[in-house]
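Chain residues, written in single-letter form:
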Amino acid sequence: MSTKDVSHLSDIGKMPSSSDGSFNRKPSTFRNFIEKGGKFEPEKGRYHLYVSYACPWATRALIMRKLKDLEDFIDVSVVSPRMGSDGWPFATADAFPDADADPLFGAQHIKDLYLRVNPEYDGRFTVPILWDKHTGAIVNNESSEIIRMFNSAFNDLLPGDAAARDFYPGPLRAQIDEVNGWVYDTVNNGVYRSGFATSQAAYETAVRALFDSLDRLEGMLKGKEYIVGDQLTEADIRLFVTIIRFDPVYVGHFKCNIRTIRDGYPELHRWVRKLYWTVPAFKDTCNFAHIKMHYYWSHPMINPHRIVPVGPIPDILPLDQ
Ligand SMILES: N[C@@H](CCC(=O)N[C@@H](CS)C(=O)NCC(=O)O)C(=O)O
C-alpha cells in the first residue's frame, strides 16, 4: 500500500470547482477493451469487477452483467458506501452490510488499486473498475464501455439464449446513441451538475436542463414500454440508474426538486417501477441503504452533519399504485 498523500485526489471535499461554479466531470483514463485476439481476451473467471451499489455508473455494469448471465464469468466486490477522505473503502476499512473485503489484494481503499497499477496516477479513484487478474491491470474504468463489452465480448462463450440477448442492436444504435448523448449530459450527469454546483447560476442552468429532459423523456414514454424501440436497450439501463435514485436522493441532496418522479412524471414512474419489479437484474442490483448512506454521508460540503433523511417511504412504490 502506498503512503503517498493523494488526498487532493481521493477526498471529494477537496475537488476544485470551476470559476463559474459549474461541475465538470473528468474523462475516465483506462479505456481498453476485452476482445478476441487482443491483449484482454474474453475468458471465464479472468476479470473482476469492483463496484459500489451506491454508484449509478457502477450499477449500470452490475445490471448488464446480470442481464447477460455473466455472474459466473466475472466476479464482483462491493465497496462500503461511506466515501471519506481516502475515497471508497472496502469492508475491512469500514464495515457495512453487504460490503466486501478486497479478495485479490486485501486493499483497504479503491485508491490502493489505482496506485498499484500506476503509482503516478493522478485521476480520480472511481468505480466501476474492471480488473484483469492475469496481467494485474485495470482493463477499463468507464461504465459506458464496460457495459458494451459485457453486451457482446463474451458471446462466444455464453449459451445461445444469453448470447442472443443484445441491448445495443444494430438497427437501434443510432437512436440509442442520440438519446444517450443528451441523457448523459442533462440527466445522468445533470443531477451531479445540479448538486455539485457552487453558484446559483450554475445550479439553475443544470436543474432546468435536467427537468426539460425529464419532460422530454416523459413524452417519449407515452404508450411505450421502453425508451428506444420496443425492447429493453442500453438506453433504459443508463437512464434507470439515475431515475431509481431520484426521489430518495437527488430531489433532496442535489436540490433536483422541481418535481418528484412519483408525483410529477406518471410515465417515467410506471417505466421505472416496471423495470424494478419485473426484471430481477434491476431490483437485485439496487441497494437503497447503500445509495442513501453514500450520498448523504459522503459530501459534507453539501450535508455537513451527514444526516440521512428517513424518507421517502417507501424507497420505491409498488407497481399497482
Ligand atoms: N465516467 C465514469 C464515472 C465514474 C464515477 O464518477 N464514479 C463515482 C461514483 S458514483 C466515483 O467513484 N467517484 C469517486 C471520486 O470522484 O472520488 C463511469 O461512467 O464509469
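Before any of the text, the structure's been laid out above.
Report follows, based on the coordinates. Given the structure is predicted, the values throughout are model-derived calculations rather than measurements.

With that out of the way, let us pick up the nonpolar core. Counting residues in each nonpolar core, the largest one holds 102 residues, and the members touching the most others are Ile110, Phe150 and Leu214. The element contributing the most residues to this core is helix α9 (residues 234-253), with eleven residues. Both of domain 1 (6-164) and domain 2 (170-279) provide at least three residues apiece to this core. If we ignore the near neighbours within four places in the chain, the residues touching phenylalanine 150 are Leu49, Ala61, Met64, Arg65, Lys68, Leu70, Ile74 and Leu130.

Tallying each qualifying case throughout the model produces 21 salt bridges. For glutamate 43, the salt bridge goes to arginine 46, with nearest N and O atoms at 3.1 Å. We classify glutamate 43 as partly exposed; its relative accessible area is 27%. With a relative accessible area of 5%, arginine 46 lands in the buried category. A salt bridge links lysine 66 to aspartate 284; its shortest N-O distance comes to 3.6 Å. With a gap of 218 residues between them, lysine 66 in helix α2 (residues 56-67) and aspartate 284 in the loop between α12 (280-283) and α13 (288-298) connect regions that are remote in the sequence. Owing to a relative accessible area of 23%, lysine 66 belongs among the partly exposed residues under this scheme. Exposure remark for aspartate 284: the relative accessible area of 45% places this residue in the partly exposed category. Taken together, the salt bridges that share partners define one network made up of Glu225, Glu267, Arg270 and Lys274.

Quick notes on the rules
Residues numbered from 1 in each chain as written. Predicted model: local features only at pLDDT ≥ 70, side-chain atom pairs only at ≥ 80, totals over all residues. Heavy atoms only, no water. Core = buried A, V, L, I, M, F, W, Y, C linked by side-chain atoms within 4.5 Å. Buried < 20%, exposed > 50% of the residue type's maximum accessible area, 1.4 Å probe, protein only. Helix = DSSP H or I, 4+ residues; strand = E, 2+ residues; numbered from the N terminus. Domains from an automatic or database assignment. Contact = heavy atoms within 4.5 Å. Salt bridge = Lys/Arg side-chain N within 4 Å of Asp/Glu carboxyl O.

Keep in mind that these numbers describe shape and distance, not what the molecule does.
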